[in-house]
Amino acid sequence: MIRSITQKKTEEELDQLLTGIARIFIIGCGTCVTMTHTGGTPEVTEIKEKLLKKGKLVTGDLVLPVACDNLTAEVLHENRSKIDLADGLLILTCAFGVQTIARQVKKTTIPGLDTLFIGKETGLGQFDEICTQCGSCILGETGGVCPVTSCHKGLVNGPCGGTKNGKCEIDEKKDCAWTLIYNRLKDLNRLDLMKRYQKPKNFQREPRPGKYWLTPT
Amino acid sequence: MVSLFKKALESKKFVVTSEVAPPKGTNLEKIKHHIELLKNKVDGINITDHQSSVMRYPSLGGALLVKEMGGEPILQMTCRDRNRLALQADLLFAYSRGISNVLCLTGDSILMGDHKEAKGVFDMDSSQLVATIRKLEKGKDLGGNDLDGAVSFCAGAIVTPEANPLEPQLIKFEKKVEAGAEFIQTQAIYDLDLFKHFMEYAEQFPVKVLAGVILLTSAQMARFMNKNVAGVNVPQNLIDELSTAPKGRAIEKGIEIAGRMIKKIRKQKLCTGVHIMAIGREELVPEIMSAAELG
């Protein structure tokens, strides 16, 4: 399943973001951030205790089932008395959750996490970025491995000179996407696909901010 | 405008190029000194483009300096710091100022350098940059618009003949040649038998190859490159040879090794020429050339 992969902000940054906010309501999420141990029940409890020690007043806390879901509006409504008492909301969800909540509640919203990428759990406690939603899918010519996402430089015509023993120049724990693509296409006897010249990519297929209608307007 | 470097590539002579690095700052004394030392000795001087992703005086500025001083510049251009508008604009500018050789590179990762939080651009890659040059030469930009005044360049790219795995690099090499690369500079080579194999393959293609020679300054430096530089493999016998040099004299051994390699490449007619890289010790290039019994 596609997941939002997050990391906790440093205590220092959080302290700065919470300056002047005395009464805080904390929100976590039961989905992706629970899996990554960044915004589930244990993390909400942990940050609550930290804030209390720092002299903050916590008006309440809650872990939404799926923060980015439309049902979030109803859950927030049910908790409005405690939310209303707060000066700000500390939100331990991914950026989708933060934005969903910010649209519902007229309060200062502080993200407690940084959203790193959209990916999936590929091993126990290991998460990999899979797709960057570039809008022009090249997977048909790359053996199902995405170089736009999995190559550090997003190269579409083959590896750079920094690849070393199948690993990336920036981190030997990261695979060279083009070695993976090469091996895969070789197995499929389709190296002809790799030899095909790819023109400079269209980065404006769906110009930011992305918007899409099922029925053209 | 005729590229003197291109003329050299097409002649029967053994071509020698080298490179200089722009300064971190505006003090041009050192680079001018290096250009002065090299300009009448080599067929082309590469000017590196924020090498290792370290912010410096631009390669375009360095190339102009080479031109002004009467040398033959080979402008290195990476795709790391400029999008397709900026790259095309710089190519127009370079041509308008008499720079007629370009080496197209993808560029090291931002993370290798001294501005690690910057955004790497990579709007294009090296093969696309070569193709862009060929398009600009036809009087059109990448958007398909007409140019009022086209360009003309001797365009090249690079290859790593000792990469592991090698075949993906060779596929990219073929794409660069198909895109219109006229010359290919290689990453540093140290194993001439491996290089011979590479040349047997490369000779099928209509492209001139300049073998990359990096000056080894000490056994420690050789080990460092083996560990940290992709596609560079200094064999143990050369490391041992550097280790035998008396204290403080390893550099002389390095010059001897580089000279010996160049001499072999030339005598065995392995390729069109060599590209000598004496990273940080550019003033030693003339000595390497003497050791190689060149000009």
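Conventions adopted
In this numbering scheme, every chain counts its residues from 1 along its sequence in written order. All chains are assigned letters beginning with A, and all ligands numbers beginning with 1, in the order in which they are written. The model is predicted, so local features are restricted to residues of pLDDT at least 70 and side-chain atom pairs to those at 80 or more, both for listing and for counting; the totals for chains, interfaces and linings are taken over all residues. Hydrogens and water molecules were not included; the side-chain quantities draw on all heavy atoms of the structure. Among buried residues, the Ala, Val, Leu, Ile, Met, Phe, Trp, Tyr and Cys ones that are joined through side-chain atoms within 4.5 Å form a nonpolar core. Residue exposure (1.4 Å probe, protein chains only): buried if accessible area is under 20% of the type maximum, exposed if over 50%, otherwise partly exposed. The helix count covers DSSP runs of H or I at least four residues long, the strand count covers runs of E at least two residues long, and both are numbered beginning at the N terminus. Should any heavy atoms of two residues lie within 4.5 Å, those residues are counted as being in contact. For salt bridges, the criterion is a side-chain nitrogen of Lys or Arg within 4 Å of an Asp or Glu carboxyl oxygen. Two N or O atoms form a polar contact when they lie within 3.5 Å of each other; inside protein one atom must be a possible hydrogen donor and the other a possible acceptor, and for residues adjacent in sequence the pair counts only when both atoms belong to side chains. Here the term charged refers only to Asp, Glu, Lys and Arg, the term nonpolar to Ala, Val, Leu, Ile, Met, Phe, Trp, Tyr, Cys and Pro, and the term polar to all other amino acids, Gly among them. Here the bounds of each domain stem from an automatic or database domain assignment. Helix axes are fitted only over the stretch in contact, all axes being lines through C-alpha atoms; the angle between N-to-C directions runs from 0 to 180 degrees. Note on angle classes: values under 35 degrees are labelled roughly parallel, values over 145 roughly antiparallel, values of 65 to 115 roughly perpendicular, and the remainder oblique. The sense of a crossing depends on the near helix, which, turned anticlockwise from the far helix by less than a right angle, makes the crossing left-handed and, turned clockwise, makes it right-handed.

Okay, the nonpolar core next. Core analysis: the biggest nonpolar cluster contains 86 residues, and Phe-173, Tyr-190 and Phe-198 of chain B have the highest contact counts within it. In terms of residue count, the dominant contributor to this core is helix H10 (residues 250–267) of chain B (seven residues). One finds Ile-21, Val-44, Leu-51 and Leu-92 of chain A within the second-largest nonpolar core, a separate group that totals 29 residues.

What follows concerns the interface of chain A and chain B. Each partner contributes residues to the interface: chain A has 29 residues there, and chain B has 29 residues. Joining chain A to chain B, the criterion identifies zero salt bridges. Linking chain A to chain B there are 18 residue pairs in polar contact (both at pLDDT 80 or more). Contributions of two or more residues to the side of chain A that touches chain B are made by helix H8 (177–187) and helix H9 (191–195) of chain A. Looking at side-chain class alone, the side of chain A that touches chain B contains eleven nonpolar, ten polar and eight charged residues.

Here we take up the domain arrangement of chain A. Accessible area lost upon the coming together of the parts serves often as the stated size of an interface. Domain annotation of chain A identifies domain 1 (3–116) and domain 2 (131–195). The C-alpha-based centres of domain 1 of chain A and domain 2 of chain A are spaced at 37 Å.

What follows is about the packing of helix H2 (residues 29–38) of chain B against helix H3 (residues 59–68) of chain B. All names here are of chain B. With their axes 10 Å apart at the nearest point, H2 and H3 run at an angle of 45° to one another. By the angle between their directions, the pair H2 and H3 is classed as oblique. Helix-helix and strand crossings are classified by hand; for H2 and H3 the assignment is right-handed. Residues Ile-31, Lys-32 and Ile-35 of H2 touch H3, and the partners they reach there are Gly-62, Leu-65 and Val-66. The residue inventory of the contact of H2 with H3, partitioned by class, reads four nonpolar, one polar and one charged.

Backbone phi values are negative for most residues with the exception of glycine, while trans is the configuration of most peptide bonds. Residues and elements named next belong to chain A. Backbone torsion omega between Arg-208 and Pro-209 reads -5°, so that peptide bond is classified as cis. Mapped onto the elements, Pro-209 comes out in the segment after H9. Positive phi outside glycine occurs at Asn-165, with the angle close to 50°. Within the secondary structure layout, Asn-165 lies in the loop between helix H7 (147–150) and strand E8 (167–168).

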